[in-house]
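Below are the chains, spelled out letter by letter.
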Amino acid sequence: TYITEFILLGFGNLPGLQVPLFLLFLVIYMVTMMGNILILVLVVANEHLHTPLYFFLSNLSCLETCYSSTILPKLLTSFLTGNTSISCSSYMTQFFIFAFLVGVECYLLAMMSYDRYLAVCKPLHYLTLVNHKLCLALAAGAWVSGFMISFVITLLMSQMVYCDRSEIGHFFCDFASVTKCSCSDTFLIEVVTSLMSATCTMLPFLFTVASYILIVITILRISSAAGRQKAFSTCSSHLIVVTIFYSTLILVYMLPKTYNLTAFNKLSSVFYTGDTLVNPLIYTLRNKEVKGALGKK
């Protein structure tokens, strides 16, 4: 008998916490939507924020708005109705959008790190090196690359036959969980997925790390403490966002999927989902330009 729908177990083993969890994720969803939409409005409406950094930030805010709307409404509905089933087609659709947005976010964060590298290490050439056309090309490349990688992986997943079991030990559509439900040979798709995932996670991560190594070296060479502090403040918000994003990504996907770590992986995914809430707060509370634009409204 082939499976036509999956059961997202989610937090079903915590029946007494369904209402508190619903309220928690509802707050996360509402604040995330309002925070990211606010950043989009500020960047569009304020000419002082029409810079490469805020162009990429507006892309990031748009991405995180879509990301939250992909996962949280289904989760909130399951808390209210108790219905945790999801059809195979809906599962594939949610996974495609999720993987697509995660890949784009990795590329966007890498581009923002390159922008900060040029701002700190090559300030005199910054305006000539980072122009409007380059920003558009980089952003378009990020969205197209994320789309293509996610499309190929989702297409391979849709070709598998699912007949072993229908229970997914997660609260959203996850690749590792769904392959366990397949009675097809998953070796090829796992190899292809690993290779393609590395192109949209490891490569941007290494690029980001290299950028910040050069940034730190440049900052340490500045003679005055005030100059070092000013240089560091230009990239501190982005550095915090990158650290949180990749830390949770590593906790969710790099740790072994053993039974003892299942609850921990699920908890890490909660923090990963909440990352969309933290990002707008970091950029609004730690950024003078955004706070200045906010104060004028």
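Scoring rules and cut-offs
Sequence order as written defines the numbering, with residues in each chain counted from 1. With pLDDT at 70 or above as the cut-off, local features in this predicted model cover only qualifying residues; side-chain atom pairs require 80 or more to be listed or tallied, and sums for whole chains, interfaces and linings still use all residues. To obtain the side-chain values, all non-hydrogen atoms of the structure were included, while hydrogens and water were left out. To count toward a patch, a residue needs a relative accessible area above 30% and no salt bridge. Like charges then connect within 9 Å, nonpolar side chains (Val, Leu, Ile, Met, Phe, Trp, Tyr) within 5 Å. Each accessible area is a Shrake-Rupley result for a 1.4 Å probe, and residues are judged covered by the shown protein chains and nothing else. Note on definitions: salt bridges are taken to be side-chain nitrogens of Lys or Arg within 4 Å of carboxyl oxygens of Asp or Glu. Secondary structure elements follow DSSP: runs of H or I no shorter than four residues count as helices, runs of E no shorter than two count as strands, and numbering proceeds from the N terminus. Only protein chains enter the area calculation, which uses a 1.4 Å probe; residues under 20% of their type maximum are buried, those over 50% are exposed, and those in between are partly exposed. UniProt positions are given in the numbering used here, feature names are shortened, and annotations may be inferred rather than shown by experiment. In this analysis, strands are considered paired if DSSP registers two or more bridges between them. Buried Ala, Val, Leu, Ile, Met, Phe, Trp, Tyr and Cys residues form a nonpolar core when they are joined through side-chain atoms within 4.5 Å. In this analysis, rings of Phe, Tyr and Trp, with Trp reduced to its six-membered ring, are considered paired at centre separations within 6.5 Å, and the interplanar angle assigns stacked below 30 degrees, edge-to-face beyond 60, and tilted for intermediate values. Each axis is a line fitted through C-alpha atoms, taken for helices only over the stretch in contact, and angles between the N-to-C directions span 0 to 180 degrees. The handedness criterion is simple: a crossing whose near helix is rotated anticlockwise from the far helix by less than a right angle is left-handed, and one whose near helix is rotated clockwise is right-handed. For this classification, Asp, Glu, Lys and Arg are treated as charged, while Ala, Val, Leu, Ile, Met, Phe, Trp, Tyr, Cys and Pro are nonpolar and the rest, including Gly, are polar. Helix span, as expected, comes to 1.5 Å for every residue beyond the first. Contact criterion: two residues are considered in contact whenever any of their non-hydrogen atoms come within 4.5 Å of each other. Any pair of nitrogen or oxygen atoms within 3.5 Å is treated as a polar contact; in protein, a donor-acceptor pairing is required on top of that, and neighbouring residues in sequence qualify only through side-chain atoms on both sides. Small angles under 35 degrees read as roughly parallel and large ones over 145 as roughly antiparallel, with 65 to 115 read as roughly perpendicular and the rest as oblique.

A cluster of nonpolar side chains, Val 144, Phe 147, Met 148, Phe 151 and Leu 155, forms an exposed patch at the surface whose accessible area comes to about 450 Å². By secondary structure assignment, the location of Met 148 is in helix α5 (residues 132-158). Judged by its relative accessible area of 43%, Met 148 falls in the partly exposed class.

Moving on, we get to the UniProt feature "transmembrane region" (unreviewed entry) in the protein. When the UniProt feature table is mapped onto this chain numbering, "transmembrane region" (unreviewed entry) sits at residues 21-45, 52-72, 92-114, 134-157, 202-223 and 235-255. The annotated region residues 21-45 carries 100% helix and 0% strand content, and the separation between its end C-alpha atoms amounts to 36 Å.

In space, the three strands of this open sheet follow the order β2-β1-β3, with mixed pairing throughout. The sheet is open, and its two edges are formed by β2 (85-87) and β3 (167-168), each paired on a single side.

Another aspect to go through is the nonpolar core. Counting 75 residues, the largest nonpolar core has Phe 6, Phe 25, Tyr 91, Leu 108, Met 157 and Tyr 162 as the members making the most contacts within it. Considering every element that reaches this core, the biggest residue donor is helix α3 (residues 88-121), with 18 residues.

As a further point, take the packing of aromatic side chains. Using the criterion set out here, one finds 13 aromatic pairs in the structure. For the pair Phe 100 and Phe 147, a centre-to-centre distance of 5.9 Å together with 90 degrees between the ring planes defines the contact as edge-to-face. Of the two residues, Phe 100 is situated in helix α3 and Phe 147 in helix α5; the sequence distance between them amounts to 47 residues. Ring plane angle 45 degrees and centroid distance 6.1 Å describe the contact between Tyr 114 and Phe 207, whose orientation is recorded as tilted. You can see Tyr 114 sitting in helix α3 and its partner Phe 207 sitting in helix α8 (residues 202-220), a full 93 residues away along the chain. By the ring-pair criterion, three or more aromatic residues cluster together here, those being Phe 96, Phe 100, Trp 143, Phe 147 and Phe 151.

At a minimum axis separation of 8 Å, α3 and α5 run at an interaxial angle of 150 degrees. As α3 runs across α5, the sense of the crossing is right-handed. Its residues assigned to classes, the contact of α3 with α5 shows 20 nonpolar, five polar and no charged.

What follows is about α5. Over its 27 residues, α5 runs 39 Å from end to end, which matches the ideal 39 Å to within 8%, given 1.5 Å per residue. For α5, the set of buried residues is Cys 135, Ala 139, Ala 142, Gly 146, Ile 149, Ser 150, Ile 153, Thr 154 and Met 157. Residues of α5 that are buried make contact with α2 (52-81), α3, α6 (175-179) and α7 (187-200). For α5, the capping residue at the N-terminal end is Asn 131, with a side-chain oxygen 3.3 Å from the backbone nitrogen of Lys 133.

Moving on: the packing of helix α1 (residues 18-45) against α2. Closest axis-to-axis distance for the α1/α2 pair is 9 Å, and the angle between their directions is 160 degrees. Taken together, the axes of α1 and α2 lie roughly antiparallel to each other. The way α1 lies across α2 gives a crossing that is left-handed. Here the contact of α1 with α2 is composed, by residue class, of 19 nonpolar, eight polar and one charged.

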